[in-house]
Amino acid sequence: MNKFYVTTAIDYVNAAPHIGHAYQKIVADVLARWNKVLGKKVFFLTGTDEHGKKIAESAQKNNKTPKEFVDEISQKFVTSWQALNLDFDRFIRTTDEDHKKTVLEFVKKIEESGDIYKGKYSGWYCVGCERYYTETEMPDKVCPFHKKPLEEVSEDAYFFRLSKYQDFLLGLYEKNPEFILPVERKNEMVNRVKEGLQDLCITRASLDWGIPFPLDKSHVIYVWFDALINYYTAINSDDKKIFWPADVHLLGKDNGWFHAIIWPAMLKSVGIEMPKNVFIHGFLTFNGNKISKSLGNVISPLVLADKYGADPIRYYCLRQIPFGEDGDFSEEALVNRHNSELADTLGNLVNRVIVLTEKNFDGLVPQKGEDDNLSKLALETVEKTRKALDNFQFNVALNDIFYFLGEANKYINDNEIWAIKDKEKLGNMMYNLLEAIRFSSILLYPFIPETSEKITEQLGLEKKFCFDDLKWGLLKTGTKTKRGKVLFQKIKC
Ligand SMILES: [Zn+2]
């Protein structure tokens, strides 16, 4: 089956979305669009994680019921993702009815596998992370992410036999070297499993904002256990089952443990096929500062999209930061890239070529001539882009595409195209330039879809973006081009 299923982490709705959340969702959208270009049937899932103590507490602070509170905040996530032109197929909420149903099915099957038992939990809990830490992990009893003292909790609880899956997990990583990427994160996970796994507490008795535990109604399901199942809920219907297994789960480095260790063990217990890849990426800072609420509105995806537009933000994030590593969302660097790459290299090329076609050929695509270096480079760029995107190297793909665009600009200058008097020679060269623009509109579509659509419009073509159309010479002679507005107005610093 020629399909692609990509998921993002589902964010906690205890606070409004920020650019750090947005980064991963942009990556998911690029992967989804690229796989559509490749001709696959695609399902792109994102959403919000809405249960747990942290949310119950945030709701209370805001004088709202948990449900009122999560309704309001999850809507902010939806609006933010729309502002960044993210074309997701479903926005899942863990308070959705079909999710609760799927969670209950999971619990039932895990119990049937003999993997649930009742015990007593004493441990150290971080409400911020919604997870327990053991004393060996955190001897100072302070959360490594939130730097806050851990809370001591002791209560009756139900457990999942995670310890049973140690050998299975090590075998899984060995047989599927790409199950966890990138490699440094994989090694970290392998080492943690080798240290030995403890059974996992999956219910809480002292909380009621959660999915009731079907085996004992005085407990609710531990928020993480419920949340992970969302990836299966979304395709748990007859028409969507074809999308399983997930091709990529994207998540930040604080979530590796849950996705690379707990989730595959849960799936194994239920008897469901493993996802193909779990990609663990780094964190963003903003203008050099750690992203936190104290930065205020400036880190809001809505505010940033309003200020710069969706495409420049998408482009900047993917070109600037090698995916997997930590990175900085620097507004100054964004403006520089916007002006020198999007406006000067891409925008200027499109404008020059369309204007020259208008001036010399009444806006009609001229006759194709011999292939030359530009056509050769175009085809090489297609292969390089494909290879880079297969390996999650978004910055490499954009470097290659922009090298090609730079060469197209050079082609105009080196050949002094504006001065060529021989109409046939000029026509052949203009054809190659128009074809170069058409190629780049398809290659750039996953990254900057709105811009690609505008380029296609200026070329007088249908707005469709297919890998199969990346063959040199498909642009039809006589096609009427249409000069449009300048693609990127320079931003003054
Ligand atoms: Zn924490």
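Residues numbered from 1 in each chain as written. Predicted model: local features only at pLDDT ≥ 70, side-chain atom pairs only at ≥ 80, totals over all residues. Heavy atoms only, no water.

Novice: Describe empty space enclosed by the protein, with residues and values.
Specialist: To find leftover empty space, a probe the size of one water molecule is rolled over the atoms. This model, assessed by the stated rule, comprises 2 cavities of 30 Å³ or more. Looking at the largest cavity, its volume works out to about 40 Å³. Along its surface, the largest cavity is lined by Gly52, Lys53, Tyr125, Glu130, Arg204, Leu207, Trp209, Val220, Ile221, Tyr222 and Val223. In this model, the second largest cavity occupies a volume close to 30 Å³. Considering the residues around the second largest cavity, the lining is formed by Gly347, Val350, Asn351, Gln458, Lys485, Val486 and Leu487. For the lining of the second largest cavity, the element with the most residues is helix H12 (residues 331-361), which contributes 3 residues. Tallied by class, residues from the lining of the second largest cavity come to 3 nonpolar, 3 polar and 1 charged. (1 Å grid on protein atoms, 1.4 Å probe; cavity = no way out; pocket = protein on both sides within 12 Å on 5 of 7 lines; lining within 4 Å. Points joined across faces, edges and corners; volume = space filled by probe spheres on them. Helix = DSSP H or I, 4+ residues; strand = E, 2+ residues; numbered from the N terminus. Nonpolar A, V, L, I, M, F, W, Y, C, P; charged D, E, K, R; others polar.)

Novice: Lay out the pattern of salt bridges with the relevant residues and their values.
Specialist: For the structure on display, the rule yields 33 salt bridges. Glutamate 155 serves as the salt-bridge partner of arginine 204, at 3.7 Å between the closest nitrogen and oxygen. In this pair, arginine 204 sits in strand S10 (residues 203-204) while glutamate 155 sits in strand S7 (residues 151-160), placing the two residues 49 residues apart along the sequence. Overall, the relative accessible area of 4% leaves arginine 204 in the buried class. We classify glutamate 155 as buried; its relative accessible area is 10%. Among the charged side chains, a salt-bridge network with shared partners connects Glu50, Lys67, Asp71 and Arg93. (Salt bridge = Lys/Arg side-chain N within 4 Å of Asp/Glu carboxyl O. Buried < 20%, exposed > 50% of the residue type's maximum accessible area, 1.4 Å probe, protein only.)

Novice: Please give an account of the coordination of the zinc ion that cites residues and values.
Specialist: Protein-derived coordination of the zinc ion comes from Cys126 (SG), Cys129 (SG), Cys143 (SG) and His146 (ND1), at a distance range of 2.1 to 2.3 Å. Of note, the zinc ion draws all its donor residues from one chain, in the sequence arrangement C-x2-C-x13-C-x2-H. With cysteine 129 in the loop between strand S5 (116-126) and strand S6 (131-133) and histidine 146 in the loop between S6 and S7, this pair connects stretches of sequence that are 17 residues apart. Taking relative accessible area as the criterion, histidine 146 reaches 36% and is therefore assigned partly exposed. (Donors = N, O, S within 2.8 Å, 3.2 Å for Na, K, Ca; no water.)

Novice: Lay out the sheet that holds strand S9 (residues 200-201) in plain terms, naming residues and giving numbers.
Specialist: One open sheet holds the 4 strands; their spatial order is S6-S5-S7-S9, and the pairing between them is antiparallel. The open sheet has two edge strands, S6 and S9, and neither has a second partner. Of the strand pairs in this sheet, S7 and S9 are connected by 2 bridges, and their pairing is antiparallel. The partner of phenylalanine 159 across the bridge, within S9, is cysteine 201. In the packing of helix H9 (residues 256-270) onto the sheet, contacts are made with S6, S7 and S9, and the angle to S7 comes to roughly 30°. (Pairing = 2+ DSSP bridges. Contact = heavy atoms within 4.5 Å. Axes fitted to C-alpha atoms, helices over the stretch in contact; angles between N-to-C directions.)

Novice: Before we move on, can you summarise helix H10 (residues 301-308) with the specific residues and values?
Specialist: Turning to H10, its buried residues are Pro301, Leu304, Ala305 and Tyr308. With its buried residues spanning 100° around the axis, H10 presents them on a single face. Among the exposed residues of H10, those oriented more than 90 degrees off its buried face are Asp306 and Lys307. Between the side-chain oxygen at the start of H10 and the backbone nitrogen of leucine 302 there is a gap of 3.1 Å, and the oxygen is on serine 300. Two residues or fewer after H10 comes glycine 309, characterised by a positive phi angle close to 90°. (Arc of directions from axis to C-beta. Polar contact = N/O pair within 3.5 Å; in protein donor to acceptor, adjacent residues only side chain to side chain.)

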